[in-house]
Amino acid sequence: MSTPAQDTRDKVIRLETEMAAMRNDVSKMAAKVDELHELLTQARGARWMLMILIALGGFVAAKITPIITYFFPR
């Protein structure tokens, strides 16, 4: 027959084991979240670069049209 102190000790040991497993899971999740954050940060920079390139392309297209019509009149 087990004593209440021994039952408590067994429960604490089981809890410590579960906490160790949970700590490993949380550390894996933290690594994944860090990777996702890095990816989203890169995507934000790529989005701004794409917007700048589109604006630059529109500017060049607007300015080159009169030059093309000057060299190739109808």
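What you see is a predicted model; the values in this text were computed from it and never measured.

Caption draft 1: Looking closely at the pattern of salt bridges. Summed over the entire model, instances satisfying the criterion amount to 1 salt bridge. Linking Arg-9 and Asp-10 is a salt bridge whose minimum nitrogen-to-oxygen distance equals 3.8 Å. The partly exposed category is assigned to Asp-10, whose relative accessible area is 31%.

Caption draft 2: Representation of the packing of aromatic side chains. All chains considered together, the criterion is met by 1 aromatic pair. Geometrically, the ring pair formed by Tyr-70 and Phe-71 is edge-to-face, given 5.5 Å between the ring centres and 75 degrees between the ring planes.

Cut-off values and rules
Residues numbered from 1 in each chain as written. Predicted model: local features only at pLDDT ≥ 70, side-chain atom pairs only at ≥ 80, totals over all residues. Heavy atoms only, no water. Salt bridge = Lys/Arg side-chain N within 4 Å of Asp/Glu carboxyl O. Buried < 20%, exposed > 50% of the residue type's maximum accessible area, 1.4 Å probe, protein only. Phe/Tyr/Trp six-rings, centres within 6.5 Å; stacked < 30°, edge-to-face > 60°.

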